[in-house]
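# Coordinates in review
The chain contents come next:
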Amino acid sequence: MEQNQNMTGKTEDQFQKTAFRVSIISIIGNLALTLLKLLAGILARSHAMVGDAVHSASDILSTVVVMIGVHFAGKESDKEHPYGHERMECVAAILLSVALFLTGIFIGWKSLMSILNPNINTAPGVLALIAAVVSIVSKEAMFRYTAFYAKKIDSGALMADAWHHRSDALSSIGALIGIAGARLGFLWMDGAAGCVIFLFIVKTAYDIFMDAVNKMVDSSCDAETEEAIRTSALRDSRVMGVDMLQTRVFANKVYVDMEISADGGMTLEEAHEIAESVHHTIETDFPKVKHIMVHVNPYKK
């Protein structure tokens, strides 16, 4: 058991190091994009590009929230939190979704005002077009990079941050279309692009929020995973049946309660050995299983 705890510690340490490395790269990239888009939006007089810059600025805040959440989620269990701190990742994702939603509201309001007051609009400069293209390419690359490592370490908060990058890339596409249209004489298109960006942002915020809430509420694993766990237990020839199996998803970890049946004539020590064997097999086969409780019943025909 001590070896398993050491392996778990190494895994958590690797989890945090990977998440922090990806997050630092995200912050640097977003800071550079924010400054570029804000400068381009002001100089080129583009509501859509200024809104896009605010979106990128919110990415910096969201990444910081992710780093804080991952840090607390990686803390070991203690007396006050015997099941660990994994749900802090969900809390971070929820805070991220709220920040994203508020950002969308701000962008939507500013864009709507520009449409309702067309007299204040002027054709955006070419600098805004260049910034939009740079943003699209950069943010899509950041999405793919972050999503790759989020899947690798199974981090919900990091995956939420990846989709934040994708939403920024999509919003930049909307900004590009709006800016191009405004430069062709359709001045209202710059504000309309901002409204489209607002819809993308709010949809992303909703998806992140619901995913985090679903992870906060205890639910069982899918039927396929439970069947695989059952099959893993039955690989031990001494296990004569699985009487009960209950799983509970806790953030990105799984807890398992299981009752197996074995020969009723065996000694307590032999029954304990079977339970330990099943316990070890399942934790080895399913890395996401943080804890499993195995109870042995006498087999009944």
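Model, not experiment: these values are computed from the prediction.

Definitions and cut-offs
- Residues numbered from 1 in each chain as written.
- Predicted model: local features only at pLDDT ≥ 70, side-chain atom pairs only at ≥ 80, totals over all residues.
- Heavy atoms only, no water.
- Helix = DSSP H or I, 4+ residues; strand = E, 2+ residues; numbered from the N terminus.
- Buried < 20%, exposed > 50% of the residue type's maximum accessible area, 1.4 Å probe, protein only.
- Contact = heavy atoms within 4.5 Å.
- Areas by Shrake-Rupley, 256 points an atom, 1.4 Å probe, with all protein chains shown as cover.
- Phe/Tyr/Trp six-rings, centres within 6.5 Å; stacked < 30°, edge-to-face > 60°.
- Lys NZ or Arg CZ within 6 Å of the ring centre and 35° of its normal.
- Axes fitted to C-alpha atoms, helices over the stretch in contact; angles between N-to-C directions.
- Parallel < 35°, antiparallel > 145°, perpendicular 65-115°, else oblique.
- Left-handed = near helix turned anticlockwise from the far one by under 90°.
- Patch = residues over 30% accessible without salt bridge, like charges linked within 9 Å, V, L, I, M, F, W, Y side chains within 5 Å.
- Salt bridge = Lys/Arg side-chain N within 4 Å of Asp/Glu carboxyl O.
- Pairing = 2+ DSSP bridges.
- Expected span 1.5 Å × (residues − 1).
- Arc of directions from axis to C-beta.
- pLDDT = per-residue confidence, 0-100.

Attention now goes to the overall build of the chain. Each helix and strand in the chain was counted, giving eight helices and three strands. Each helix and strand of the chain, ordered N terminal to C terminal, gives the series α-α-α-α-α-α-α-β-β-α-β. Put simply, the chain has 301 residues, and 46% of those count as buried. Looking at the chain alone, contacts between residues at least 24 apart form 73% of all its contacts between residues at least 6 apart. A total accessible area of about 15700 Å² is found for the chain, and carbon and sulfur atoms account for 65% of it.

Here we take up the environment of I60. Here I60 lies in helix α2 (residues 47-73). Distance from I60 to I28, taken between C-alpha atoms, is 8.5 Å for residues 32 residues apart in sequence.

For the structure shown, the criterion picks out three aromatic pairs. Between Y145 and Y149 the ring centres are 5.2 Å apart and the planes differ by 65°, which places this aromatic pair in the edge-to-face class. Linking Y145 with Y149, this pair stays in helix α4 (residues 126-153), spanning four residues, or about one helical turn. Classification of Y145 by relative accessible area gives partly exposed; the value is 27%. Three or more aromatic residues joined by ring pairs make a cluster, and in this case those are Y145, F148 and Y149. Above the plane of the ring of Y255 lies R248, whose end atom (NZ or CZ) is 4.9 Å from the centre.

The phi dihedral of R45 is positive, around 55°, even though this residue is not glycine. Mapped onto the elements of the fold, R45 is located in the loop between α1 (2-43) and α2. According to the relative accessible area criterion, R45 is partly exposed, its value standing at 46%.

For the pair α4 and helix α5 (residues 156-183), the least separation of the axes is 7 Å and the interaxial angle reads 165°. Classified by the interaxial angle, the pair formed by α4 and α5 is roughly antiparallel. Both α4 and α5 take part in a crossing whose hand is left-handed.

Here we take up a nonpolar patch on the surface. A surface patch of nonpolar side chains, amounting to about 760 Å² of accessible area, comprises L36, L38, L39, I42, L43, V126, L127, I130 and V134. For the nonpolar patch, the secondary structure elements donating two or more residues are α1 and α4. Of all the elements, α1 adds the most residues to the nonpolar patch, at five residues. Take L38: its relative accessible area is 36%, and that puts it in the partly exposed class.

Before going further, it helps to examine the pairing of strand β2 (residues 253-262). With eight of 10 residues buried, β2 lies mostly within the body of the structure. As paired elements, β2 and strand β3 (residues 289-298) share nine bridges and run parallel to each other. Bridge pairing links I260 to V296 in β3.

Here the structure, examined in full by the defined rule, presents seven salt bridges. The salt bridge partner of E140 is R166, with a shortest N-O separation of 2.8 Å. With E140 in helix α4 and R166 in helix α5, this residue pair connects regions lying 26 residues apart in the sequence. One salt bridge connects R238 with E273, and the closest N-O pair in it is separated by 3.5 Å. With R238 in the loop between α7 (223-234) and β1 (241-250) and E273 in helix α8 (residues 268-285), this residue pair connects regions lying 35 residues apart in the sequence. The class of R238 is partly exposed, set by a relative accessible area of 32%.

So, on to α8. Residue pairs spaced three or four apart in an α-helix point in one direction, given the helix's 3.6 residues per turn. Helix length check: α8, at 18 residues, gives a terminal C-alpha distance of 26 Å against a target of 26 Å (1.5 Å per residue), a fit within 8%. Here α8 has its buried residues at A271, I274, A275, V278, H279, I282 and E283. The buried residues of α8 all sit within an arc of 160° when viewed along its axis, so they share a single face. Exposed side chains of α8 directed beyond 90 degrees from the buried face belong to E269 and H280.

What follows deals with the confidence of the model for the chain. When pLDDT is averaged along the chain, the result is 79; 85% of the residues meet or exceed 70. Model confidence for the chain, summarised as mean pLDDT per element, is weakest for α2 at 73 and strongest for α8 at 90. Note on residues 1-10: pLDDT is under 50 here. Beyond four places in sequence and across chains, it has two contacts.

Looking now at the environment of I28. If you trace the backbone, I28 turns up in helix α1. Residue classification places I28 among the exposed residues on the basis of a relative accessible area of 57%.

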